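Listed here are the chains, written in short residue letters.
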Amino acid sequence: MDLHHALVLLDSTVDEVSTQFRRVPGSAILLRYVKNSYQNDPIRSVVELCLFLFAVRYLLAPRYSTKKKSMDLTEEEIDELVEEWTPEPLVALPTELEVLEEERRPIIAGPTGPKVKLMNGKTVTNLASTNYYNLVSNDLIKERAVQILRNYGVGACGPPNFYGTQDVHMDTEKEIARFLGVEECIVYAQSFSTIPSVIPSFSKRGDIIVADRAVNFAIQKGLQVSRSTIRWFNHNDMEDLERVLAQVQQEQKRKPLTRRFIVTEGLFEATGDIPDLPKIIELKQRFKWRLILDETHSFGVLGRTGRGLTEHQNVDPSNVEMLVGSLSHAICAGGGFCAGNREVVEHQRISSSAYVFSAAIPAMLSVTAAESVKIIESNPDLIVDLREKTRLFRQQLERCEHITITSAPENPRLLFHLNREILEHKVIEDEERLLADIVEECMNSNIMIVRVKKVMDSSVTDFPKGRKFGWDCPPMLMASISVGHSKKDVETSGSVIRKAVGKVLGRLKK
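Here's a quick rundown of the structure.

Things to note about the sheet that holds strand 10 (residues 403-405)
Here's step 1: Ordered in space as 10-11-14-13, the four strands form an open sheet in which the pairing is antiparallel. The open sheet has two edge strands with one neighbour each: strand 10 and strand 13 (450-451).
Here's step 2: Bridge analysis of strand 10 against strand 11 (residues 413-418) gives three bridges, and the strand direction is antiparallel. Residue pairing in the sheet places Ile-405 in a bridge with Phe-416 of strand 11.
Here's step 3: Where helix 17 (residues 380-398) meets the sheet, its contacts fall on strand 10, strand 11 and strand 14 (477-480), and the angle it forms with strand 11 comes to roughly 5°.

Right, dumping it as structure tokens:
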């Protein structure tokens, strides 16, 4: 067949197809639409033809299942795979420093106090506890504790809302509320779980919390559980707090109203210093926020009568919506509390997880806490004595040129770290090893202090990737003073710590 015959056959075929197509109902309308639409735009016709062909191909393509096909294995193959599989450890292997500290860990034999006897038979001066007023050894408290133990037993054996509340619990709550000068108080069974339950009781997803970057780990857990929007201000920087509050106010314009809280501490666990509470009150009133103040370490310590930061800085406690504190530090009992107005307290009784789902605090500890508060209030000389011994101890430590004390002068829990210029080229792990050696040197001289340990990371963060959560403070040592220590104990302890620091750093220079 030559080219002429092929063209003739093609023309006849096209004519036949055209004739048959015109017999189809509506074909004339379609042809007229195509002619009018595409006579000046041939590219569009080509594109739509390609899309049409792609759609036809897609519809006619074979179907593929996205489900993974199961693999049939024999029993022998399964056994081989099981033998070869090595599970990942539940926790990371201990570091060299952790192993060393575990070997050195002192174990107290008998009661704790200003001086304690260890399992190895050595008696040491105890600067590692928060027994500030030596209430652990108070005979009146011991007698009351034994009496309550005989009358009430060892525990409540039930949550407060389910027959776990006893009359002594209500008495303790009334006593703490009276002592602080607020309407009501609620007592929790465990100190650490108090503020992680208080925060999410009031702040939920969508609410906003502005917190100091140096807040303790318990507060961090409360922020995490609340699922609120967390904003941070630099540690004790009131100008930065004002900037953050103003920024949030600007961002929230014309948005639904949310609950907003400022969270800070009375005495910071990580640094030992004190915030400017009057300024925080002024800012929270100006921007219309609420304040949650954690007085875990300041309750019983700050103020003329130990009422905490509000008394220390002459602030009306009614200006603080929630005062959270511990009964296990200066009070030497157990549990925690949250004080405020009636609505704040009653709301927690039905919505705070640690209160609703935990057994009530044992009656013995509840009465011990109430008695301790009464003793501190009725014996102001205890606070004066503690302040004087804290001052003497601080003077001893300040004579050491190699350390910096970060704690406030009123804080009997002294936190201090090595000066940065000494450790210019040292990583954190090396510095922590130096602190562990200082602790051991002090122990060799019968003085027991402790290296501060902290969680270095958390999922509650707005920091850049790779930056650790919380206040970026250096590794620290902690030493606490008690009224049970004599002035000689205080001065000797300070001298021993100075010499231990000098000895360890002297080995570093060799």
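Things to note about the pattern of salt bridges
Here's step 1: This model, assessed by the stated rule, comprises 31 salt bridges.
Here's step 2: A salt bridge links Glu-173 to Arg-349; the nearest nitrogen and oxygen atoms lie 3.0 Å apart. Taken as a pair, Glu-173 in helix 8 (residues 167-180) and Arg-349 in helix 14 (residues 342-351) lie far apart in primary sequence, 176 residues in all.
Here's step 3: Accessibility expressed as a relative area gives 4% for Glu-173, which makes it buried.
Here's step 4: Residues Lys-279 and Glu-282 are paired through a salt bridge, measuring 3.1 Å at the closest nitrogen-oxygen approach. Within this pair, Lys-279 and its partner Glu-282 are both found in helix 12 (residues 277-287), separated by three residues, close to a single helical turn.
Here's step 5: Linked through salt bridges whose partners overlap, the residues forming this network are Glu-96, Arg-104, Arg-433, Asp-437 and Glu-440.

Observations concerning the side chain of Arg-451
Here's step 1: Structurally, the position occupied by Arg-451 is in strand 13.
Here's step 2: Under the relative-accessibility criterion, Arg-451 is labelled buried at 10%.
Here's step 3: Among all residues touching Arg-451, those that are not within four sequence positions of it are Leu-97, Glu-101, Glu-432, Leu-435, Ala-436, Val-439, Met-476 and Leu-477.

Remarks on the side chain of Thr-296
Here's step 1: If you trace the backbone, Thr-296 turns up in the loop between strand 7 (290-295) and helix 13 (309-312).
Here's step 2: At a separation of 2.5 Å, a polar atom in the side chain of Thr-296 contacts the side chain of Asp-294.
Here's step 3: Once residues lying within four places of it in the same chain are set aside, the contact partners of Thr-296 are Val-324, Gly-325, Ser-326 and His-329.

Thoughts on the nonpolar core
Here's step 1: Core analysis: the biggest nonpolar cluster contains 81 residues, and Tyr-133, Phe-337, Phe-393, Leu-418, Ile-438, Ile-449 and Ile-497 have the highest contact counts within it.
Here's step 2: With seven residues, the single largest contributor to this core is helix 19 (residues 487-509).
Here's step 3: Judged by nonpolar contacts, the second largest core, of 24 residues, contains Ile-186, Tyr-188, Ala-218 and Trp-232.

Remarks on the pairing of strand 11
Here's step 1: Burial analysis of strand 11 places six of its six residues in the buried class, the great majority of the element.
Here's step 2: Note that strand 11 and strand 14 share four bridges and pair antiparallel. The residue bridging Leu-414 from the neighbouring strand is Ala-479, located in strand 14.

Quick word on a negative patch on the surface
Here's step 1: On the surface, Glu-75, Glu-76, Glu-77, Asp-79, Glu-80, Glu-83 and Glu-84 cluster together to form a negatively charged patch.
Here's step 2: Within the secondary structure, Glu-80 sits in helix 4 (residues 75-84).

Let's talk about the packing of helix 16 (residues 363-378) against helix 17
Here's step 1: In contact at an axis separation of 4 Å, helix 16 and helix 17 are set at 80° when each is read in the N-to-C sense. Considering their axes alone, helix 16 and helix 17 lie roughly perpendicular with respect to each other. Residue-level inspection shows Ile-375, Ile-376, Glu-377 and Ser-378 of helix 16 in contact with helix 17, the latter providing Pro-380, Leu-382 and Ile-383.
Here's step 2: Of the residues belonging to the contact of helix 16 with helix 17, the class tally is five nonpolar, one polar and one charged.

Overview of the packing of helix 9 (residues 194-202) against helix 14
Here's step 1: It is at 10 Å that the axes of helix 9 and helix 14 come closest, and there the two elements cross at 100°. Comparing their axes, helix 14 and helix 9 come out roughly perpendicular. Within the contact between the two elements, helix 9 uses Val-198, Ser-201 and Phe-202 and helix 14 uses Val-344, His-347, Gln-348 and Ser-351.
Here's step 2: Residues that form the contact of helix 9 with helix 14 fall into these classes: three nonpolar, four polar and no charged.

Notes on the sheet that holds strand 9 (residues 336-340)
Here's step 1: The strand order across the open sheet formed by seven strands is 3-9-8-7-6-4-5, and the pairing between neighbours is mixed. Two strands lie at the open edges of the sheet, namely strand 3 (184-188) and strand 5 (229-233), each paired on one side alone. Going from strand to strand, the sheet's axes swing by 20° on average, the running direction of each strand aside.
Here's step 2: Bridging between strand 4 (residues 208-212) and strand 5 involves five bridges; their strand directions are parallel. Across the sheet, Ile-209 pairs through a bridge with Ile-230, a residue of strand 5.
Here's step 3: Running at roughly 155° to strand 7, helix 12 makes contact with strand 6 (260-265) and strand 7 of the sheet.
Here's step 4: With respect to the sheet, helix 14 is in contact with strand 3, strand 8 (322-326) and strand 9, its orientation differing from that of strand 3 by roughly 30°.

So, the environment of Ile-195
Here's step 1: Looking at the element boundaries, Ile-195 is found in helix 9.
Here's step 2: Taking the C-alpha atoms as reference points, Ile-195 and Thr-296, 101 residues apart in sequence, are found 9.4 Å from one another.
Here's step 3: When sequence neighbours within four positions are dropped, the list of residues in contact with Ile-195 reads Pro-200, Ala-218, Ile-219, Gly-222, Ile-292, Asp-294 and Val-324.

Some remarks on the environment of Gly-484
Here's step 1: Looking at the element boundaries, Gly-484 is found in the loop between strand 14 and helix 19.
Here's step 2: Residue Gly-484 is classed as partly exposed on the basis of its relative accessible area, which comes to 35%.
Here's step 3: With 350 residues separating them along the chain, Gly-484 and Asn-134 place their C-alpha atoms 5.6 Å apart.
Here's step 4: If sequence neighbours within four positions are ignored, Gly-484 has contacts with Pro-114 and Asn-134.

Some thoughts on the pairing of strand 7
Here's step 1: Across the six residues of strand 7, five count as buried, placing the element largely inside the fold.
Here's step 2: Once you follow strand 6 into helix 12 and on to strand 7, the crossover reads as right-handed.
Here's step 3: Taken together, the four bridges between strand 7 and strand 8 define a ladder with parallel strand orientation. Opposite Leu-293, over in strand 8, you have Leu-323 as the bridge partner.

What counts as what
- Residues numbered from 1 in each chain as written.
- Predicted model: local features only at pLDDT ≥ 70, side-chain atom pairs only at ≥ 80, totals over all residues.
- Heavy atoms only, no water.
- Pairing = 2+ DSSP bridges.
- Helix = DSSP H or I, 4+ residues; strand = E, 2+ residues; numbered from the N terminus.
- Contact = heavy atoms within 4.5 Å.
- Axes fitted to C-alpha atoms, helices over the stretch in contact; angles between N-to-C directions.
- Salt bridge = Lys/Arg side-chain N within 4 Å of Asp/Glu carboxyl O.
- Buried < 20%, exposed > 50% of the residue type's maximum accessible area, 1.4 Å probe, protein only.
- Polar contact = N/O pair within 3.5 Å; in protein donor to acceptor, adjacent residues only side chain to side chain.
- Core = buried A, V, L, I, M, F, W, Y, C linked by side-chain atoms within 4.5 Å.
- Patch = residues over 30% accessible without salt bridge, like charges linked within 9 Å, V, L, I, M, F, W, Y side chains within 5 Å.
- Areas by Shrake-Rupley, 256 points an atom, 1.4 Å probe, with all protein chains shown as cover.
- Lys, Arg positive; Asp, Glu negative; His and termini not counted.
- Charge placed at Lys NZ, Arg CZ, Asp CG, Glu CD.
- Parallel < 35°, antiparallel > 145°, perpendicular 65-115°, else oblique.
- Nonpolar A, V, L, I, M, F, W, Y, C, P; charged D, E, K, R; others polar.
- Right-handed = clockwise from strand over helix to strand, strands pointing away.

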